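Structure assessment
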Amino acid sequence: MKRGLAAFAANLRNLPATVRQSVIRRGSSGSARNSSLAVFGNVFLHLHATRIHRRTLRFTATMGLGMIAASAFGILCVTGLLLMVYYKPSTDLAYDSIKDIVTVVPSGRFVRNIHRFAAHIMVAAVLLHMARVFFAGAYKRGREFNWVVGIVLLILTLGLSFTGYLLPWDQLGYWAITVGSNIAASPRELTDALGITGWFDPGGFQKELLLGASEVGQEALTRFYLLHVVVLPVAMVALLAVHFWRVRKDGGLARPDEIRTRSGEGAPATDSLPTAPAEAPHKTYGLMCVVADRRPATDLDPVDTVPSWPFLLRAELLVFMVTFFACVALSLFWDAPLKTLANAAIPENPAKAPWYFLGLQELVSYSALMGGLVVPALSMLGLGLIPYLDRETADAGHYFAGRPGRRIAWLSALFAALFAVLAVAVPVNFGWLRNWFPDIDQLVIILVNPGTLLTFFYAAWSLIVLWRSGSTRLGAIALFTCFLVGFVILTYVGTSLRGPNWDFYWSQADWPVH
Amino acid sequence: MSDRLKPEPVSRRDFLGTAGLLASGVALLGSAVAAMRLPRPRALPEQGRAFRIGRPEEFPSGTSEIVPGRNVLVLSGPKGIAAISLVCTHLGCIVSPASGGFSCPCHGSRFDQLGGVTQGPAPRALPWLAVRKAPNGMLVVDGSQEVPPGTFHVA
Ligand code: HEM
Ligand code: FES
């Protein structure tokens, strides 16, 4: 009996230690082995490799953009859950519940602001991240699939923000979604012109699926709520897991060949990170680092690598904190907009979607079908196919593939800017086909409008670059640069230069008062 | 050699395995298709598409008036009474009367007095809706029945 009591007392004394050990099995010393165990002994952390190339931690390698996007998504999930505590997805109650959150709920306005700013930051970061990955040529050598996963993530990100826009049930969201859902119905433009809408109506089908009705109402709000809080976030989490896992399995971040050689030649040791000693036991982590790259990480000398725990995780925490801080700071100074209650009889004027859709809205103001569906679909398809059509491996990991790439990027940016400005300036100053030929057939306008012409010229330019340079990589750089510059310019025009009736104004001060 | 030892073209095990796999595939696919039917509404939950607008005397020739809450303009002329939808054929914003016709606030489409497109991205004219007289003498606009532009209801 005495023995039992003694054992019990001893176990009680050791309780903190045994509990800790049952959770974290590794020792507490900072040895290389313990660092590795920290990562691969944890179901969440082991999305990371146990050791990473030291170049990964350099700012210029990623600019932290992927991690900013991921951090913003995390912030959105938490603040979104908090908003759900009070939000009521009904057309009668939604607007008032948001009003309550803003005016009555403790720190409700603050949380709503953070949710809004994190959404803006996430979209911006995802776009910039895509540009960074593209210009680094990091979509090559086994990373083709992860690029495609990335494109789907981009679409999910935009879908999340589109569905979230309706939830406050104010004028802004109501009319943006009315316009958006009619874009889904815009194949009718074509079927009407051909006179076959009666028995073949894909546009109407899409719109009905989205809205559950022929107008934005309770059915639509229910569907958008469902998409925004369940379907899209779950899809996002699942796909992010794939995305991160593939970054690891594809051999870590893409890096230029000369830094891949053993002994770190070419990788200036500008940092003071403690890499593994040369005599470190290769095998302990060698097996854990088996990857699908052409040159598996097992081949790397440990001299080039640092343990993920704590260095990578510390860097990630830093990026997260900076992102979080930015959201909080912005939320202290600016409020997320909330217009008046949705009114189906009076549209907002101008009725503008969120900023990242305003480039599209600009195109839509020529043809809904082309600008709203065909051009975006072609752009996504074109972007998604880039890694399969450009299979040159030479300059992967180098920004702009060196000097020729930089030249092409500049030229393409100039070309793209010129044509994007023309695509806006010509119709603004001279009108478009219908002003010149009032009886023109709708089919002609669908096919020939500033949006389709711009797409055509961008594609043609890229083909010319491809043909003249003989390099698919340079062709891809031309195409992507055109896409990026066109996107930025049209977005700017839609955001800042369009006023009531979508008329052109140099500044908001010139808008007519009404 | 006994029958049992003859090599079969497809072994029984493989056959059963493949058959099971196929059957599961078909069942799951069928379920998925059936599930996908659910989000497609069979009937659209709309407010009644036909609505009364008043007695013919309330619309003297030469006037036009927007029906409150309906986004429809009632036009009364020498030829009779007509109803024009004010929902822009581009992307569904509500047009408002402007000099010489209608203009849309969303992407700048303009229409003439009879709804024909004069400018902007709208792919077709504003729809004219059927007007008829109910047995009790009230005029009714049927929002679900489009008529050719220029069709007036003769009172
Ligand atoms: C929700 C959106 C996204 C998140 C949270 C995300 C996150 C990340 C993170 C954290 C990394 C690690 C390195 C880095 O930060 O650059 C990464 C790498 C990568 N991402 Fe994304 N990403 C997203 C969308 C995209 C998009 C839109 C694309 C491209 C179309 C893309 C393509 C890639 C590729 C190819 C890599 C590997 C890069 C390399 O090997 O250097 N991702 N992503
Ligand atoms: S909705 Fe009327 S012009 Fe676009």
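Look up: the structure comes first, before these words.
Please read these numbers as outputs of a predicted model, since none were measured by experiment.

Of regular secondary structure, chain B possesses 1 helix and 10 strands. Along chain B, helices and strands appear, N-terminal first, in the series α-β-β-β-β-β-β-β-β-β-β. Computed over its C-alpha atoms, the radius of gyration of chain B comes to 29 Å, more than 25% above the 15 Å expected for a compact globule of 155 residues. Once the C-alpha set of chain B is aligned to its principal axes, its extents read approximately 105 × 40 × 25 Å. Per-residue burial over chain B gives 39% buried out of 155 residues. Considering only contacts in chain B between residues 6 or more positions apart, those separated by 24 or more positions represent 35%. Positive and negative side-chain charges of chain B, numbering 16 and 10 respectively, have mean locations separated by a distance of 4 Å.

Before going further, it helps to spend a moment on the site of ligand 1. All names here are of chain A. With respect to spatial proximity, 27 residues lie near ligand 1, and among them His129, Arg132, Arg143, Gly150 and His243 are the closest. Contact between ligand 1 and arginine 143: an oxygen atom at 2.9 Å from a side-chain N or O atom of the residue. Within the backbone of alanine 254, a nitrogen or oxygen atom sits 3.0 Å from an oxygen atom of ligand 1. The set of elements that each furnish at least two residues to the shell around ligand 1 consists of α5 (65-84), α7 (108-135), α8 (144-166) and α12 (218-249). Its residues placed into classes, the shell around ligand 1 shows 17 nonpolar, 8 polar and 2 charged.

Our focus in this paragraph is the state of the cysteines. Residue and element names in this part refer to chain B. Overall, the coordinates contain 1 disulfide over all chains when judged by the stated rule. One disulfide in the model links cysteine 93 with cysteine 106; its S-S distance is 1.9 Å. Here the S-S torsion is close to -85 degrees, and the disulfide linking cysteine 93 with cysteine 106 is therefore left-handed. With cysteine 93 in the loop between β4 (80-85) and β5 (96-98) and cysteine 106 in the loop between β6 (101-103) and β7 (110-112), this pair connects stretches of sequence that are 13 residues apart. As far as the burial class goes, cysteine 93 and cysteine 106 line up, both buried.

Attention now moves to the interface of chain B and chain A. Between chain B and chain A, the contact holds 28 residues from the first and 34 residues from the second. When chain B packs against chain A, the two sides together hide about 2400 Å² of surface, and 55% of this comes from carbon and sulfur. Linking chain B with chain A are 2 salt bridges. Put simply, Arg124(B) and Asp192(A) hold a salt bridge, and the shortest N to O gap is 3.6 Å. The tally of links from chain B across to chain A stands at 7 residue pairs in polar contact (both at pLDDT 80 or more). In terms of residue count, the dominant contributor to the side of chain B that touches chain A is strand β8 (residues 117-119) of chain B (3 residues).

Our next topic: helix α14 (residues 308-333) of chain A. The terminal C-alpha atoms of α14(A) lie 37 Å apart, and with 26 residues this matches the ideal 38 Å at 1.5 Å per residue to within 8%. On its buried face, α14(A) is in contact with α3 (32-40), β1 (51-53), α5, α7 and β2 (305-307) of chain A.

Residue and element names in this part refer to chain A. Listed as protein donors to the iron atom of ligand 1 are His129 (NE2) and His243 (NE2); their distances from the metal cover 2.0 to 2.1 Å. For the iron atom of ligand 1, the 6 donor atoms in the first shell make angles of 86 to 179 degrees at the metal, so the coordination geometry reads as octahedral. One end of the pair, histidine 129, is in helix α7; the other, histidine 243, is in helix α12, and 114 residues separate them in sequence.

Following the sequence through the fold, Thr481(A) ends up in helix α21 (residues 472-497). Once residues lying within four places of it in the same chain are set aside, the contact partners of Thr481(A) are Phe135(A), Ala409(A), Ser412(A) and Ala413(A).

Applying the stated rule across the entire model yields 26 aromatic pairs over all chains. Arranged with centres 4.8 Å apart and planes meeting at 80 degrees, the rings of Trp355(A) and Tyr356(A) form a pair that is edge-to-face. On the basis of relative accessible area, Trp355(A) is assigned to the partly exposed category, the value being 27%. Aromatic side chains Trp128(B) and Phe152(B) sit 5.5 Å apart centroid to centroid with 85 degrees between the ring planes, which places their arrangement in the edge-to-face category. Placement of Trp128(B) in strand β9 (residues 128-133) and of Phe152(B) in the segment after β10 (139-147) is noted, with a sequence separation of 24 residues between them.

All names here are of chain B. In this structure, strand β1 (residues 50-54) lies alongside β10, joined through 4 bridges in antiparallel fashion. Within β10, the position partnered with arginine 52 by the bridge is valine 140. Bridging between β9 and β10 involves 6 bridges; their strand directions are antiparallel. Across the sheet, valine 131 pairs through a bridge with valine 141, a residue of β10. Between β9 and β10, which follow one another and run antiparallel, lie 5 residues, and glycine 137 among them has a positive phi close to 90 degrees.

Conventions and cut-offs
- Residues numbered from 1 in each chain as written.
- Chains lettered and ligands numbered in written order.
- Predicted model: local features only at pLDDT ≥ 70, side-chain atom pairs only at ≥ 80, totals over all residues.
- Heavy atoms only, no water.
- Helix = DSSP H or I, 4+ residues; strand = E, 2+ residues; numbered from the N terminus.
- Rg over C-alpha atoms; globule rule 2.2 N^0.38 Å.
- Buried < 20%, exposed > 50% of the residue type's maximum accessible area, 1.4 Å probe, protein only.
- Contact = heavy atoms within 4.5 Å.
- Lys, Arg positive; Asp, Glu negative; His and termini not counted.
- Charge placed at Lys NZ, Arg CZ, Asp CG, Glu CD.
- Near = heavy atom within 4 Å.
- Polar contact = N/O pair within 3.5 Å; in protein donor to acceptor, adjacent residues only side chain to side chain.
- Nonpolar A, V, L, I, M, F, W, Y, C, P; charged D, E, K, R; others polar.
- Disulfide = S-S within 2.5 Å.
- Buried area = accessible area lost by both parts, 1.4 Å probe.
- Salt bridge = Lys/Arg side-chain N within 4 Å of Asp/Glu carboxyl O.
- Expected span 1.5 Å × (residues − 1).
- Donors = N, O, S within 2.8 Å, 3.2 Å for Na, K, Ca; no water.
- Tetrahedral: all angles 85-135°; square planar, octahedral: opposite > 155°, others 65-115°.
- Phe/Tyr/Trp six-rings, centres within 6.5 Å; stacked < 30°, edge-to-face > 60°.
- Pairing = 2+ DSSP bridges.

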